[in-house]
Amino acid sequence: MHHTSSLEISTSAYLQNVEFIRSRIGVKPVISAVVKGNAYGHGIAQLVPIAEQAGVHHFSTFSSDEAREVLKNSSQPREIMIMGMLHLDEIRDLILLDIQFFVFDFERLEQAIEAAKTLKQKAKIHVEVETGFRRTGFEWDDREKLLKLLQDNHSHLELKGLCTHFAGAESAQNHTRILSQIAHFERYKGFFSQNNLHFERLHTACSAATLLFPETHMDLVRVGIAGYGFWPTRETFELIKNQLLPENRNPLKRLLTWKTQIMSLKKVNAGDYVGYGKSYQAHNDMMLAIIPVGYSHGYGRNLSNHGQVLISGIYCPVIGTVNMNAVAVDVSHLIHPQAGEEVILIGNQGENEITVGSFAETSDLVNYEMLTRLPSQIPRIIVD
Ligand SMILES: *Cc1c(COP(=O)(O)O)cnc(C)c1O
């Protein structure tokens, strides 16, 4: 079947990103590839084998459906960890599938213990503690009750991890909050170890913490966005840029290239309106190329009259509104544009590049959003 566009996922870029992350953390910490949101839009099925090639055999997902998708596409040895949503009635299945999961409340913990008892097989859990993010995690006041449950049920539980998540490590304005979270995490750690309760791995770091706060590396880092070749924020990059060797000033490489082709060409005359309504009126006689990608494919309406694409290595601006399935671009300045010609929506062509960041007007955080909005139906193709 033909699709209107395709996404190429670069293996060598991922290998390079992992190498860079490894150079920052040293040999000890395990790298867990965070593959929630369909591997940040890259495709779990494609990303997992690439990660394995890079020597990464630990995967973090948000939900149980994603965990099953990782399972299907990975090989032994592997560890799969659910950081967020699962249904209590599927805990049994998850234990049988050898899938690990966060526990952040007593209900889930009790269900895990019950399921493990009936199965006579240990539940592999990561105890998430609240340190200041205030989304999920056991409260400090819960610690005695938590300790007792974990101790009483040690034969049903494998304590794979003690963990927390930072509230915005990618931005200096959150610095004190992050430092206080680190300190708070240390208190939990001290409490459990004084009571002789040990966890296989302590882990707290996302990409930004991995890059900026060495004290957060501990035994495992949960790396999402940096693995895909993006700085969590421009600020993160600015902060560590000076620590980089001049010949390696841009060590993170984007994996993703988004391609389509010209569907058809259209001549318009000066004064003609283009597309729906009056959002664009031609000032001159123009040649437009119609591209078969629109907001239903993740090419946002915010790019109406704003976005650009590359054809023959030359920037071509989006004209008028982005439609559901199509967009018009101005190709008047190209010498001989042709239907079927390659169009780059994200990526390089010749000397020029369209970045994911150029899809957003303001916040760097939109990198995450833009990537995860890429529909799973667009074919992902692994390239070198
Ligand atoms: C998403 C997520 C990460 C990874 O975050 P990045 O900024 O993409 O590296 C790590 N830990 C948890 C709990 C997450 O939800």
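Here the structure is a predicted model, which means the values were calculated and not measured.

When helices and strands are tallied, the chain shows 11 helices and 18 strands. For the C-alpha atoms alone, the extent of the chain along its principal axes is close to 80 × 45 × 35 Å. Expressed as a percentage of its 384 residues, the buried residues of the chain come to 54%. A sequence separation of at least 24 residues applies to 66% of the contacts in the chain between residues at least 6 apart.

Bringing the sheet that holds strand β2 (residues 30-34) into the picture now. For sheets, the rule is that strands pair by backbone hydrogen bonds, running either parallel or antiparallel. With parallel pairing, 8 strands are arranged side by side around a closed barrel as β2-β3-β4-β5-β6-β7-β8-β9. With strand direction ignored, the average angle separating the axes of adjacent strands in the sheet is 30°. Relative to strand β5 (residues 100-103), strand β4 (residues 79-82) runs parallel, the two sharing 2 bridges. Across the sheet, residue Met 81 finds its bridge partner in β5, namely Gln 100. Taken strand by strand, helix α1 (residues 11-25) contacts β2 and β9 (220-223), and its axis lies near 135° from that of β2.

What follows deals with the pattern of salt bridges. Opposite charge on two side chains allows them to pair when their charged atoms are near. One pass over the structure, following the stated rule, counts 18 salt bridges. As a salt-bridge pair, Lys 148 and Asp 152 come within 2.7 Å of each other at their nearest N and O atoms. Remark: Asp 152 and Lys 148 occur in helix α7 (residues 143-152); sequence separation between them is 4 residues, near one turn of the helix.

A separate point is the nonpolar core. Leu 109, Leu 150 and Trp 258 are the most contacted members of the largest nonpolar core, which totals 116 residues. Taken domain by domain, this core gets at least three of its residues from each of domain 1 (11-243) and domain 2 (256-383). Aside from chain neighbours lying at most four places away, what touches Leu 150 is Leu 109, Ile 125, Val 127, Leu 157, Leu 159, Phe 192, Leu 197 and Phe 199. Residues Val 268, Tyr 280, Ala 282 and Met 286 belong to the second largest nonpolar core, which totals 8 residues.

The rules behind these values
- Residues numbered from 1 in each chain as written.
- Predicted model: local features only at pLDDT ≥ 70, side-chain atom pairs only at ≥ 80, totals over all residues.
- Heavy atoms only, no water.
- Helix = DSSP H or I, 4+ residues; strand = E, 2+ residues; numbered from the N terminus.
- Buried < 20%, exposed > 50% of the residue type's maximum accessible area, 1.4 Å probe, protein only.
- Contact = heavy atoms within 4.5 Å.
- Pairing = 2+ DSSP bridges.
- Axes fitted to C-alpha atoms, helices over the stretch in contact; angles between N-to-C directions.
- Salt bridge = Lys/Arg side-chain N within 4 Å of Asp/Glu carboxyl O.
- Core = buried A, V, L, I, M, F, W, Y, C linked by side-chain atoms within 4.5 Å.
- Domains from an automatic or database assignment.

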